[in-house]
Amino acid sequence: MADGELTRREREEILGRVRELDAQVFPRPPTPLASGAERARIKDAYYRALGEYYDRLPRVLMSVCPFTNKPLRRAFDPFGLDGPWWHKARMGHPDEPAAPSTFKVLLGAVDFGPRIPAEAIAEVIPGPDVPFVVPRLLRLPGMVAVIHRLALDTGELAYPIAYFSEEDIGPERLHQPWLRQDLWFKTEAGDSSWLISNDEWDFDLDPYIAIGKVWWVDERGRSPIAVTASSGARCPYVGLPGDRRPQSIAEGERELIEPPTGVPFNPFVE
C-alpha cells in the first residue's frame, strides 16, 4: 500500500467523523440547527474530513488504453459500499491522475455473489453483476471498450469497462459514468448541460471481441497491457454467471430494476 493510502481502520475512523458531522449539519427534529457561525464551523470540518477520505483513497488501475498502453488510474474504495465514493448522490470529487487523451468514459459492473451489501445505506447503482457493452458507444468513430477486474476487500469483484477512441467525440455523444445517474458537461458555447443515457446493454461479448471492439487488461507481464483476440488470448469475461439487470442498493437491501431500453430519456415524462 502506498504511503498515505487508507487502511480499513483509518477509513472507518474518517467515515465515523463524516457521519457525526453530517448529523450535526442536518440534525433530525426536534434537534435545532446550529447557529450560523457554529454551523459554518461544523460544515468546514465535515468537508475537511470528506476531503481526507477522497485524498487517501487508492488510485488504482482501472484500464489501459488499447492505442497507447497508457494506464487509466482512478480513485477507488475497495472496503465497502458505505464509502461516499460509491454513492449515487456523491458528495465531493477526488483529484485523479490525468487520463490518457483517448479515454472517453468509464462504465462498470459489480458481482456481489450471495452477499447483500448491508453497509450500503445511501443509494448505490453499481450496474449489473457481469460486464457488458453499450453497442451505441461502440458504433462511435474508433471506439473500443476495455474490460478489467478489481477485487473488493469484502470479497466481491468489480468490472470497470473503459471506452477509448483516438477520434474527437464530444461529451454529448457519450454516456453517464459508472455509479452516476447523469453526466454534466460544458457545451462548446461554455454553458452547462447534462444527459441521462438509456442505451441498451449487450452481454454477448464474443461478436465484439471478434471484430476488435472489446479488449481486456492483461497484468501478467512487467507492465499491464490491453489485449484482444488477435493476440491469441481468450477473454476471461465471456459468459460469466450473474444477473443481467441493473442493481440498486440502499438501506441494506438490493433491488433489481428494469434494464435500459434504448428509448431516449425524456426528463419531462414520468
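Reading the values: rules and limits
- Residues numbered from 1 in each chain as written.
- Predicted model: local features only at pLDDT ≥ 70, side-chain atom pairs only at ≥ 80, totals over all residues.
- Heavy atoms only, no water.
- Patch = residues over 30% accessible without salt bridge, like charges linked within 9 Å, V, L, I, M, F, W, Y side chains within 5 Å.
- Areas by Shrake-Rupley, 256 points an atom, 1.4 Å probe, with all protein chains shown as cover.
- Salt bridge = Lys/Arg side-chain N within 4 Å of Asp/Glu carboxyl O.
- Helix = DSSP H or I, 4+ residues; strand = E, 2+ residues; numbered from the N terminus.
- Buried < 20%, exposed > 50% of the residue type's maximum accessible area, 1.4 Å probe, protein only.
- Pairing = 2+ DSSP bridges.
- Core = buried A, V, L, I, M, F, W, Y, C linked by side-chain atoms within 4.5 Å.
- Contact = heavy atoms within 4.5 Å.
- Axes fitted to C-alpha atoms, helices over the stretch in contact; angles between N-to-C directions.
- Expected span 1.5 Å × (residues − 1).

Asker: Describe a nonpolar patch on the surface, listing the residues and the values that go with them.
Answerer: A cluster of nonpolar residues, Trp184, Trp194 and Phe265, forms a patch on the protein surface that exposes about 350 Å² of accessible area. Summarising the element assignment, Phe265 is placed in the segment after β13 (253-256). Note on Phe265: relative accessible area 41%, which makes it partly exposed.

Asker: Which residues make up the pairing of strand β2 (residues 71-75), and what are the values?
Answerer: In this sheet, β2 lies alongside strand β1 (residues 59-64) in antiparallel orientation, the contact comprising five bridges. Across the sheet, Ser63 pairs through a bridge with Leu72, a residue of β2. Linking two consecutive strands that pair antiparallel, namely β1 and β2, is a turn of six residues; a positive phi of about 60° is found at Asn69 within it.

Asker: I'd like to hear about the pattern of salt bridges, residue by residue, with values.
Answerer: Taken as a whole, this structure holds 19 salt bridges when the rule is applied. In this structure, Arg56 and Glu52 form a salt bridge, with 3.3 Å as the shortest nitrogen-oxygen distance. In this pair, Arg56 and Glu52 both sit in helix α2 (residues 36-56), four residues apart, roughly one turn of the helix. One salt-bridge network, in which partners are shared between bridges, spans Arg8, Arg11, Glu12, Asp77, Asp82 and Asp153.

Asker: Can you break down the nonpolar core residue by residue, with the values?
Answerer: Membership of the largest hydrophobic core comes to 44 residues, with the highest contact counts inside it found for Tyr53, Met62, Phe76, Leu81, Trp85, Trp86 and Trp178. Elements represented by at least two residues in this core include exactly α1 (8-25), α2, β1, β2, β3 (103-111), β5 (144-147), β7 (157-164) and β10 (214-218). Each residue touching Leu81, except ones within four places of it in the same chain, is listed here: Trp86, His87, Phe112, Pro117, Glu119, Ala120, Val124, Leu152 and Ile249. Residues Val130, Tyr159, Ile161 and Val227 belong to the second largest nonpolar core, which totals 28 residues.

Asker: Pulling in residues and values, what's your account of the sheet that holds strand β12 (residues 247-250)?
Answerer: Pairing between the strands of a sheet comes from backbone hydrogen bonds, and it takes one of two forms, parallel or antiparallel. The strand order β4-β12-β13 describes an open sheet built from three strands, whose pairing is antiparallel. Because the sheet does not close on itself, it has two edges, and the strands there are β4 (124-127) and β13. Neighbour-to-neighbour, the strand axes of the sheet open up by a mean angle of 25°, direction not taken into account. As paired strands, β12 and β13 are joined by four bridges and run antiparallel to one another. Opposite Gln247, over in β13, you have Leu256 as the bridge partner.

Asker: Go over α1, please, and point to the residues and values.
Answerer: Along an α-helix, a turn takes 3.6 residues, which lines up residues three or four apart on a common side. The terminal C-alpha atoms of α1 lie 26 Å apart, and with 18 residues this matches the ideal 26 Å at 1.5 Å per residue to within 8%. Contact partners of the buried residues in α1: α2.

Asker: Can you tell me about unusual backbone geometry, naming the residues and giving the values?
Answerer: Of note, the bond from Pro29 into Pro30 is cis; its omega dihedral lies within 30 degrees of zero at 10°. As for its placement among the helices and strands, Pro30 is situated in the loop between α1 and α2. We note that Asn69 has phi near 60°; this positive angle belongs to a residue other than glycine. With respect to the helices and strands, the residue Asn69 is situated in the loop between β1 and β2. Classification of Asn69 as partly exposed rests on a relative accessible area of 36%. Within the chain, Leu179 stands out as a residue other than glycine whose phi angle is a positive 75°. Tracing the sequence through the fold places Leu179 in the loop between β7 and β8 (183-186). Taking relative accessible area as the criterion, Leu179 reaches 3% and is therefore assigned buried.

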